[in-house]
Amino acid sequence: MRLEFQSTIESFIFHPPLLVHSSLSQLRYLILSEGLPVESAKKLRRLRCYIWSILSRTSMDNCTNEYIELLKLGAPQSPIYDKIKNDTGRTFQTDQSFKEIVSEEALIRCLSCFAWQTQETENRFKITTYVQGMNILLAPLLYTCPSEPMAFRLFSTLCYSLVPTYITNNLVGVANGAKLLDICLKLIDPKLSKFLGDNLLTAEIYGMPSILTLSSCNKPLDQVCKLWDFMFAYGFHMNILFIIGMLVKIRKKIFKADSPMNLLKDLPEFDANEIIRVGIGFLPKIPSNVYSMLVEHLTNPDLSIS
């Protein structure tokens, strides 16, 4: 099955299929059932980049030339550049494998180019040039992609097409994501939901980092990338259910903790396969109207959740 999966992946990369929708469905199913084949870390990262590009329908045509043109604009003006520089130095400081592959300079270049691109692009979402957390969203892409231009192109797709409400000035999508996390937790684990509520711990207080960064702030990064494999295939709205999966996994510790917030602000390391399995298992407990809001909150800035 592994050889079949790998040959299927290679056929997507080198021989684009004619029946796009059915072929993408097949690719999504293979990711769900088998996961990505692991041969070497370097080959896996390169393969993952291509798969994410295919699943997100991101063309890499002319990405290097466009990136170079943005680089020629130099550093954006203050205070944008100051915010970028302040955050990049703190990105995954304790993750040695990340630091060996991704430099702070690469983060600065990509985020600066995005600031220029956004400044010059008209969009109905009012996407901002830079908000705190973008550095953590970008990190898995730079860690995975063979080149900065490819990472930048995928980052643009993520921001403009997949989660545009998460990077507006008022972070409306993130705020709605927090409300949905509270709603879904109450449906999935009423006892844990009540306990957190009794301790005045709403998702707006404890869950914002994991929501804003699509769980990329959690550890370890290689497991985050596995979560992203699934979310590129099936939708980043699943992040809300994955966060709940991480909470449910440590629910006993939460109940016993003298300070639950201290536990929640730094979630323990997780196994992506387990969290994906648990998150999928939550789906039957989510009513269709709530699931629709989960999907819609990523792209609809006018969505109202009470």
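Residues numbered from 1 in each chain as written. Predicted model: local features only at pLDDT ≥ 70, side-chain atom pairs only at ≥ 80, totals over all residues. Heavy atoms only, no water.

**Examining the overall build of the chain**
Reasoning step 1: On a plain count of helices and strands, the chain comes out with 19 helices and 0 strands.
Reasoning step 2: In terms of overall size, the chain behaves like a compact globule, its C-alpha atoms giving a radius of gyration of 19 Å where 306 residues would be expected to give roughly 19 Å.
Reasoning step 3: Principal-axis analysis of the C-alpha atoms gives the chain an extent of 55 × 50 × 40 Å.
Reasoning step 4: Considering the chain as a whole, with its 306 residues, one finds that 52% of them fall into the buried category.
Reasoning step 5: Contacts in the chain between residues far apart in sequence, at least 24 positions, make up 76% of those at least 6 positions apart. (Helix = DSSP H or I, 4+ residues; strand = E, 2+ residues; numbered from the N terminus. Rg over C-alpha atoms; globule rule 2.2 N^0.38 Å. Buried < 20%, exposed > 50% of the residue type's maximum accessible area, 1.4 Å probe, protein only. Contact = heavy atoms within 4.5 Å.)

**Quick notes on the packing of aromatic side chains**
Reasoning step 1: In the structure shown here, the tally under the stated rule is 13 aromatic pairs.
Reasoning step 2: For the ring pair phenylalanine 92 and phenylalanine 98, a centre distance of 5.0 Å and an interplane angle of 85° mean the geometry is edge-to-face. In this pair, the class of phenylalanine 92 matches that of phenylalanine 98, namely buried.
Reasoning step 3: Aromatic rings pair up to connect Trp52, Trp228, Phe232 and Phe236 into one cluster.
Reasoning step 4: Directly above the ring of tyrosine 143 sits arginine 45, whose terminal nitrogen or CZ lies 5.4 Å from the centroid. (Phe/Tyr/Trp six-rings, centres within 6.5 Å; stacked < 30°, edge-to-face > 60°. Lys NZ or Arg CZ within 6 Å of the ring centre and 35° of its normal.)

**As for the side chain of serine 56**
Reasoning step 1: Within the secondary structure, serine 56 sits in the loop between α3 (41-55) and α4 (63-71).
Reasoning step 2: Reaching out from serine 56, the side chain makes a polar contact with the backbone oxygen of tryptophan 52 at a distance of 2.7 Å.
Reasoning step 3: Serine 56 has contacts with Leu154, Thr157, Leu162 and Phe232, leaving out every residue within four places of it along the chain. (Polar contact = N/O pair within 3.5 Å; in protein donor to acceptor, adjacent residues only side chain to side chain.)

**Quick look at the confidence of the model for the chain**
Reasoning step 1: For the chain, mean pLDDT is 90; residues scoring 70 or higher make up 91% of the total.
Reasoning step 2: Between residues 1-7, whose pLDDT stays under 50, and residues either more than four places distant or in other chains, the model counts 16 contacts. (pLDDT = per-residue confidence, 0-100.)

**Some words on the side chain of threonine 88**
Reasoning step 1: The residue threonine 88 is located in helix α5 (residues 80-88) in this model.
Reasoning step 2: There is a polar contact of 3.4 Å between the side chain of threonine 88 and the backbone oxygen of lysine 85.
Reasoning step 3: Not counting chain neighbours up to four residues away, the residues in contact with threonine 88 comprise Glu104, Leu107, Ile108, Leu111 and Asn135.

**Examining the environment of tyrosine 160**
Reasoning step 1: Relative to the helices and strands, tyrosine 160 resides in helix α9 (residues 148-162).
Reasoning step 2: Judged by its relative accessible area of 19%, tyrosine 160 is buried.
Reasoning step 3: Considered as a pair, tyrosine 160 and threonine 118 are 42 residues apart in the sequence and their alpha carbons are 9.3 Å apart.
Reasoning step 4: At 3.0 Å, the side chain of tyrosine 160 and the side chain of threonine 118 are in polar contact.

**Comments concerning a nonpolar patch on the surface**
Reasoning step 1: A surface patch of nonpolar side chains, amounting to about 300 Å² of accessible area, comprises Tyr29, Leu32 and Tyr234.
Reasoning step 2: Secondary-structure assignment places leucine 32 in helix α2 (residues 20-33). (Patch = residues over 30% accessible without salt bridge, like charges linked within 9 Å, V, L, I, M, F, W, Y side chains within 5 Å. Areas by Shrake-Rupley, 256 points an atom, 1.4 Å probe, with all protein chains shown as cover. Salt bridge = Lys/Arg side-chain N within 4 Å of Asp/Glu carboxyl O.)

**Digging into the packing of α3 against helix α8 (residues 134-144)**
Reasoning step 1: In contact at an axis separation of 8 Å, α3 and α8 are set at 120° when each is read in the N-to-C sense. The orientation of α3 relative to α8 falls into the category oblique. In this structure, α3 contributes Arg45, Arg46, Arg48, Cys49 and Trp52 to the contact, and α8 contributes Pro140, Leu141, Tyr143 and Thr144. (Axes fitted to C-alpha atoms, helices over the stretch in contact; angles between N-to-C directions. Parallel < 35°, antiparallel > 145°, perpendicular 65-115°, else oblique.)

**Some remarks on the nonpolar core**
Reasoning step 1: With 99 residues, the main nonpolar core has Leu227 and Trp228 as its most contacted residues.
Reasoning step 2: When residues of this core are assigned to their parent elements, the largest contribution, 9 residues, is made by helix α14 (residues 221-234).
Reasoning step 3: The contact partners of tryptophan 228, leaving out residues within four places of it in the chain, are Trp52, Leu137, Pro140, Leu141, Leu158, Thr213, Leu214, Ser216 and Phe236. (Core = buried A, V, L, I, M, F, W, Y, C linked by side-chain atoms within 4.5 Å.)

**Digging into the packing of α14 against helix α15 (residues 238-249)**
Reasoning step 1: Where α14 contacts α15, the axes come no closer than 10 Å and their chain directions differ by 145°. Crossing geometry of α14 relative to α15 is assigned as right-handed. Residues Leu227, Phe230 and Met231 of α14 touch α15, and the partners they reach there are Met238, Asn239, Phe242 and Met246.
Reasoning step 2: Per-class residue counts for the contact of α14 with α15 are 6 nonpolar, 1 polar and no charged. (Left-handed = near helix turned anticlockwise from the far one by under 90°. Nonpolar A, V, L, I, M, F, W, Y, C, P; charged D, E, K, R; others polar.)

**Here's the deal with the pattern of salt bridges**
Reasoning step 1: Tallied over the full model, the rule gives 9 salt bridges.
Reasoning step 2: For glutamate 148, the salt bridge is made with arginine 109, and the minimal N-O distance between the two is 2.4 Å. Placement of the pair is glutamate 148 in helix α9 and arginine 109 in helix α7 (residues 104-120), with a sequence separation of 39 residues.
Reasoning step 3: You can call glutamate 148 buried: its relative accessible area is 19%.
Reasoning step 4: Arginine 251 is the partner of aspartate 189 in a salt bridge, and the nearest nitrogen-oxygen pair spans 2.7 Å. A residue pair is termed long-range when its members are at least 10 positions apart, and aspartate 189 in the loop between α10 (172-188) and α11 (190-198) and arginine 251 in helix α16 (residues 251-256) qualify at 62 residues.

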